[in-house]
Amino acid sequence: MEDTRYLFRRNRTWWVKVSVPKALRDELGYDLRCSLHTESLDEARKARDVAVPEFRRRIREARASLQQTRACKEPAMADDESGFLILRREDFSDVTFLLEVEAPLLARAAEPGQFVIVILHEFGERIPLTIADFDRDKGTVTLVIQAVGKSSCEMQQRCRVGTHLHALVGPMGFPSELHADKVVCVGGGLGVAPIYPQLRAFKESGAYVIGVVGFRNKELIFWQDKFEQYCDELIICTDDGSAGIEGRVTLGLQAALDRHADIDHVIAIGPPIMMKACAETTRPYGVETIVSMNPIMVDGTGMCGGCRVTVGGEIKFACVDGPEFDAHKVDFDELMNRLGRYRGDEKAALDNWKKAAS
Amino acid sequence: MARKTVRTIPQDRATMPTQAPAVRAHNFDEVALGFDLDNALLESERCLLCPNPNCVPACPVNIDIPGFIEKISEKKYREAYDILTESTLLPAICGRVCPQEDQCEGVCPVGESLEPVAIGRLERWIGDMAIKEGWRNIPPIQANSFRIGIVGSGPAGMACAADMAKAGCDVTIYEAFHQAGGVLRYGIPEFRLPNEVLDAELENLKALGVKIECNTLVGRLFTIEQMLDELGFDAVFIGTGAGYPSFMGIDGESLNGVLSANELLTRCNLMGATSFPRYDTPLGLGKRVAVIGSGNTAMDALRVSLRAGAEEVYCLYRRTREESPARVEELEHAEEEGIRFEWLTAPVEILDDGNKNVRALRCQRMELGEPDDSGRRRPIPVAGSEYEFEVDTVVYAIGTNANPIIGQTSKIALNKWGYIEADDNLATSIAGVYAGGDIVTGAATVILAMGTGRKAARSMKTYLGIRDTASVYEETPDSGGDEIFGINPAERSHVRIRVTGTELCQ
């Protein structure tokens, strides 16, 4: 029998072909093949003996590089000794999820308005997150995360009950000042969860509390019962009108301001564009309005200065001078611009990670 | 043997091999490779072994310099290490980062006619040998029941922790970052101080029984007062440093592309941004980088920028090379690597590219006038000298201020600049709380911070009534201090009695 391993004929010309293992087909295709430019089987065999080892080498390299990307993709999370145990996870939507983390000292010290910094794994970045809830008796803090960038998507994928965060440090920043008789607490997007401990604290301090929370649609609403428990009035806004008021949270805020002339304090947490809109809504009423800043930061302890924001013409560090500032004095345009500083890098990191994960 | 003189010793300094500038400008490996055995022995011969040495009092921790150098020349390296560790915790670190030309080497009599003895390089050589050989000097420790809390794991905290642990105390260091070392970790880059050297020194600390708790933000997680009242610490040392970066307040500072040297260095050294995207933290450095300032931090920022891939890196300083506060060695290394220095130049505005990114700096030429309070000639702007200087990244390395967190969360007394008020013995306004390092002195050097850490440890021992066998405390405590329970603070050590909680209950 003639030796035609790896060989096949197209018209009369001999070709060589090596099939690619399944795992590498995204990278290399179904098989590696090339024409041997000969009609003679003898010549084709000689050419084949050169081509096949070359194809094999390419497959080996692709496998090695895939393993390397895998190694990059899966840097180690922490172990029991040094890490912070995740006790509970709840998914509110395909992007928003909750983690309840064991941290007794942190739960004891945390106050509404403060934030923590989380590191997912050994190669992770320091991610500032506003504390969404804390339970001093259980010794836990709760974080609500939106999977938008590489790190938060990776958290969504890897943070399971029983795993450990590499680092969790805080509470950072000044706690909120809770002096008000009638207060509106506005939360939108990422700010819905962090507004909860504020609203609860205001209620416990004896204030009349109006909650305004915004979601994209009815399906994405979470914690309604928790909010209702501590609100004298709860206004829900949805972008599509499937629940509550149709439109942005500013409409809800506007409605509250129109209904109550004696509102003396507003606090708004959410994306910068939302906080800016809230500031503009309350400005004509002259109501004291507080926003919680979420700039890019590294250490969170006043060391890098990356989180500087301009408030009333002065440079402030959100981590140690804030994170809460007078909304009517904050330069939101500068904040939004500075938040875009790493947009290119962030997108590249996310694409890279998605590619490696698929 | 006849006493050595400047004429009889080897005239030239032993050579220290370094990585070639063109190579090292693109890697983070250490620049100075350290002496080999022959060079170290040759250099040790250059010490005159002065009977009344100038160098010892010039050292912030008073290392017996002729003593350890003599041991090297006798080839008794382990004994040289023993002498070093009597005074310094971190020979491998101090040998690298101390400004020796202003300290021991600056007063070396050999330096009057020749190059002074390379004390720092010899210290480093012994320190590195100790790490390689696994030498450790753990003295027999007799445990007492005192608990000491240290806030900050930088050089001041490490030095204080080591002394208190040697005295038998149960010592815990709290660090806000996820890795210990303070400025030695986040600030000083790998090519000046490799992480493995720092790790080895931290291991030495752990071998003394010191516990290091990372991810702990003292002040916010628990306060200084709570450490004494609730967490059961008998004394606390604060070494939180001066890490709050300064900006100039000129227009354009909030543009993207303007950052502090601290941010640049933290991203690279602590967070691995130079290995982005393997590490998640991005760096976002441009192609033409201007670093403002010319101190050691500026040198680090310049050289890190170059290694992180910037094509052209400029140092802008409003005075001249002579006034530059950086170590001479760092300046020379930076120049060799191709950093361009623009002396007598100060920025007046950062210009926008239309998309809120840095396009250029508007600079001004300066000239030197009369000396100011610091004794350096004051820079004066040259009228009409303004020009545009195209860059896409501006890094501020013009100094730092006190970290505000302890002051925000404690009743401890601060001075008007926000630094912690401490007396000559480094005692603060709260009994049992001591402070040292940059948070007391303002931004200074690693060795000075270590010196204050050790001094605070001596005061703590006096306060706790621990007999200090290691060194006799010479300075008399401030006799004008408040009396507590009718006891003069100077006499406190003689009457303080340790009572544990259970005994109180009984």
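Provided above is the structure to which this section pertains.
Now for a look at the structure at hand.

## Section: the side chain of Arg24 of chain B
Residues and elements named next belong to chain B. Inspection of the secondary structure assignment puts Arg24 in helix α1 (residues 21-24). Side-chain polar atoms of Arg24 contact the side chain of Glu336, separated by 2.7 Å. Among the polar contacts listed, one links the side chain of Arg24 to the side chain of Glu337, at a separation of 2.5 Å. The residues touching Arg24, leaving out its near neighbours within four places in the chain, are Thr18, Gln19, Val31, Arg307, His333, Glu336 and Glu337.

## Some points on the sheet that holds strand β1 (residues 7-10) of chain A
What holds strands together in a sheet is hydrogen bonding between their backbones, with the strands either parallel or antiparallel. All names here are of chain A. Within the open sheet, the 3 strands sit side by side as β1-β2-β3. Their pairing is antiparallel. Since the sheet does not close on itself, it has two edges, and those belong to β1 and β3 (31-35), each with one partner. Across this sheet, the average inter-strand angle for adjacent strands is 30 degrees, counted without regard to direction.

## Quick word on the nonpolar core
One finds Ile65, Phe68, Ile72, Ile148, Met164, Val171 and Leu205 of chain B to be the most contacted residues of the largest nonpolar core, which totals 83 residues. Sort the elements by how many residues they give to this core and helix α17 (residues 446-464) of chain B lands first, with 9 residues. For this core, the two domains that each supply at least three residues are domain 1 (21-133) and domain 2 (147-243 + 404-464) of chain B. In this structure, Phe68 of chain B is in contact with Ile63, Ala80, Ile83, Leu84, Ile119, Leu122 and Glu123 of chain B, ignoring residues within four places of it in sequence. Judged by nonpolar contacts, the second largest core, of 57 residues, contains Val184, Cys237, Ala279 and Val320 of chain A.

## Comments concerning the pattern of salt bridges
The final tally for this structure, using the stated rule, is 61 salt bridges over all chains. Its salt-bridge partner being Arg45 of chain A, residue Asp42 of chain A comes within 3.3 Å of it at the nearest N-O pair. Residue Asp42 of chain A and its partner Arg45 of chain A are located together in helix α2 (residues 41-73), separated by 3 residues, close to a single helical turn. Judged by its relative accessible area of 21%, Arg45 of chain A falls in the partly exposed class. A salt bridge links Arg124 of chain B to Glu30 of chain B, with the shortest nitrogen-to-oxygen separation between them at 3.3 Å.

Scoring rules and cut-offs
Residues numbered from 1 in each chain as written. Chains lettered and ligands numbered in written order. Predicted model: local features only at pLDDT ≥ 70, side-chain atom pairs only at ≥ 80, totals over all residues. Heavy atoms only, no water. Helix = DSSP H or I, 4+ residues; strand = E, 2+ residues; numbered from the N terminus. Polar contact = N/O pair within 3.5 Å; in protein donor to acceptor, adjacent residues only side chain to side chain. Contact = heavy atoms within 4.5 Å. Pairing = 2+ DSSP bridges. Axes fitted to C-alpha atoms, helices over the stretch in contact; angles between N-to-C directions. Core = buried A, V, L, I, M, F, W, Y, C linked by side-chain atoms within 4.5 Å. Buried < 20%, exposed > 50% of the residue type's maximum accessible area, 1.4 Å probe, protein only. Domains from an automatic or database assignment. Salt bridge = Lys/Arg side-chain N within 4 Å of Asp/Glu carboxyl O.

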